[in-house]
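Chain residues, written in single-letter form:
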Amino acid sequence: MKILFVNACFIDQFLLADHFEEQKWQVHSKYKNSFNIQDERKQQLVVVTTTNYPFMPNGIYLQANDFSQVLSSIEIGEQIKWEQKCLHFSRNHLLLIHGKPYSSLVGTATRNLMEISQKKLFSYSDSLAKKTGSQHSLAQFLEGMNPFKEAIISLCSEDQSQQKSGLNFLLGRGMGLTPSGDDMIVGHLAARFLLDKESSILTNLLLTELLAERSVTTDISKHYLLCALSGRFSEPVLKLIEALTTNSSEEKIKKIVNGVISVGHTSGVDLLAGLLTTIKSLGTK
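Residues numbered from 1 in each chain as written. Predicted model: local features only at pLDDT ≥ 70, side-chain atom pairs only at ≥ 80, totals over all residues. Heavy atoms only, no water.

Participant: It is not clear to me how the pattern of salt bridges should be interpreted in this structure. Could you clarify?
Facilitator: Two side chains carrying opposite charge are able to pair once their charged atoms lie near each other. Counted by the stated rule, this structure contains seven salt bridges. Measuring nitrogen to oxygen at the nearest pair gives 2.7 Å for the salt bridge that ties Asp 12 to Arg 232. Highlighted residues: Asp 12 in strand β2 (residues 10-12) and Arg 232 in the loop between α8 (219-229) and α9 (235-244), separated in sequence by 220 residues. When sorted by exposure, Asp 12 lands in the same class as Arg 232, which is buried. A salt bridge links Asp 18 to Lys 85; its shortest N-O distance comes to 3.6 Å. One end of the pair, Asp 18, is in the loop between β2 and β3 (25-30); the other, Lys 85, is in the loop between β7 (79-83) and β8 (86-88), and 67 residues separate them in sequence. Connected via shared salt-bridge partners are Asp 18, Glu 21 and Lys 85. (Salt bridge = Lys/Arg side-chain N within 4 Å of Asp/Glu carboxyl O. Helix = DSSP H or I, 4+ residues; strand = E, 2+ residues; numbered from the N terminus. Buried < 20%, exposed > 50% of the residue type's maximum accessible area, 1.4 Å probe, protein only.)

Participant: Help me out: how do you make sense of the environment of Pro 147 in this one?
Facilitator: Tracing the chain through its elements places Pro 147 in helix α4 (residues 147-155). Its relative accessible area of 48% is what places Pro 147 among the partly exposed residues. C-alpha of Pro 147 to C-alpha of Leu 170: the two residues are 23 residues apart in sequence and 9.2 Å apart in space.

Participant: What am I meant to see in the nonpolar core here?
Facilitator: A general trend in soluble globular proteins is that nonpolar side chains are found buried together. Core analysis: the largest hydrophobic core is formed by 54 residues, its most contacted members being Ile 185, Phe 233, Leu 240, Val 257 and Leu 275. What Leu 275 contacts, discounting residues up to four positions off in sequence, is Leu 121, Gly 187, His 188, Ala 190, Ala 191 and Leu 240. Counting 24 residues, the second-largest nonpolar core is a separate cluster that includes Leu 4, Val 6, Ile 11 and Leu 15. (Core = buried A, V, L, I, M, F, W, Y, C linked by side-chain atoms within 4.5 Å. Contact = heavy atoms within 4.5 Å.)

Participant: Would you take a moment to explain the packing of helix α7 (residues 200-210) against α8 for this structure?
Facilitator: In helix packing, the relevant descriptors are the interaxial angle and the interaxial distance, both defined with respect to the helix axes. One can describe the packing of α7 onto α8 by two numbers: an axis separation of 11 Å at closest approach and a directional angle of 155°. Put simply, α7 runs roughly antiparallel to α8. When you trace α7 past α8, the crossing you get is left-handed. Here Thr 203, Leu 206, Leu 207 and Leu 210 of α7 lie close against α8, whose contacting residues are Lys 222, Leu 225, Leu 226 and Leu 229. Taken together, the residues of the contact of α7 with α8 sort by class into six nonpolar, one polar and one charged. (Axes fitted to C-alpha atoms, helices over the stretch in contact; angles between N-to-C directions. Parallel < 35°, antiparallel > 145°, perpendicular 65-115°, else oblique. Left-handed = near helix turned anticlockwise from the far one by under 90°. Nonpolar A, V, L, I, M, F, W, Y, C, P; charged D, E, K, R; others polar.)

Participant: What's the story with the sheet that holds strand β5 (residues 45-50) in this structure? I'm lost.
Facilitator: The pairing of strands in a sheet happens through backbone hydrogen bonds and is either parallel or antiparallel. Ordered by their spatial adjacency, ten strands build an open sheet running β1-β9-β8-β7-β3-β4-β5-β6-β2-β10, and the pairing between neighbours is mixed. In this open sheet, the two strands that pair with only one neighbour each are β1 (4-7) and β10 (100-102). In this sheet, neighbouring strand axes are inclined to one another by 25° on average, regardless of whether the strands run parallel or antiparallel. Both β7 and β8 contribute to a ladder of three bridges, which runs antiparallel. By the bridge assignment, Lys 81 is partnered in β8 with His 88. (Pairing = 2+ DSSP bridges.)

Participant: Looking at this model, I keep getting lost on the packing of aromatic side chains. Mind explaining?
Facilitator: Following the criterion strictly, the structure yields twelve aromatic pairs and no others. Judged by centre distance (5.6 Å) and plane angle (75°), the rings of Phe 14 and Phe 20 are edge-to-face. On the accessibility criterion, Phe 20 (0% relative accessible area) is buried. Centre to centre, the rings of Trp 25 and Trp 82 are 4.9 Å apart; their planes meet at 50°, and the pair counts as tilted. (Phe/Tyr/Trp six-rings, centres within 6.5 Å; stacked < 30°, edge-to-face > 60°.)

Following this line, the structure appears as structure tokens:
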């Protein structure tokens, strides 16, 4: 049996902290272009994928042919040893030490939304026909009212019971690995970072739900929500936040928005719906 040694090309620098090596890990799930590993306490999820995909929180990126070889040789539930910056699977070894680090964290200087860029963003979003998970186009979502939008507006409230009712509606609602309601919450949290209006009440409510023994959402979605709570987002979202804090051209904003909405079936457009609804609601307060 051939033993394979593979080098990571890129790695979220968050994963280079020593505490990741103190836990036991296993293969959580396998897909065509990615697989996930999870710690035994089910608090951390790490995504392993190819360099064809944008950077994600807790991501490890491999060359496509290396990834295919690793994917074909692992099994769901397989135990992994993580030590000395290396993931040891039963039939191969993934070396992290040579991976180029990147950051998934929102920069502290990005808390100044520029009105001119915001107008360009809303202007372009109003023309988008791609449907959200609520079955409205993004333009319809932003213009009218629907239960998803009402729930996002509830999250924008200062009132704990309003926030709780918004979370109760959105969390875990919808299809897929990351349900639409969860993607909208991630967009809401990104907007709060952008506007410098984080809510400790909402953070505590969401943490309570996510860390409960029986979470109402998927492990993968829970991972991205926990990352969002600590200001960690995917590369397309970080690019959008950065574009909104500088005087960006219409072309640049269009390109970045198209990058966001190309993520998943409706994940990106749902995230954008959450972000834009929150900017409209909180930006006027």
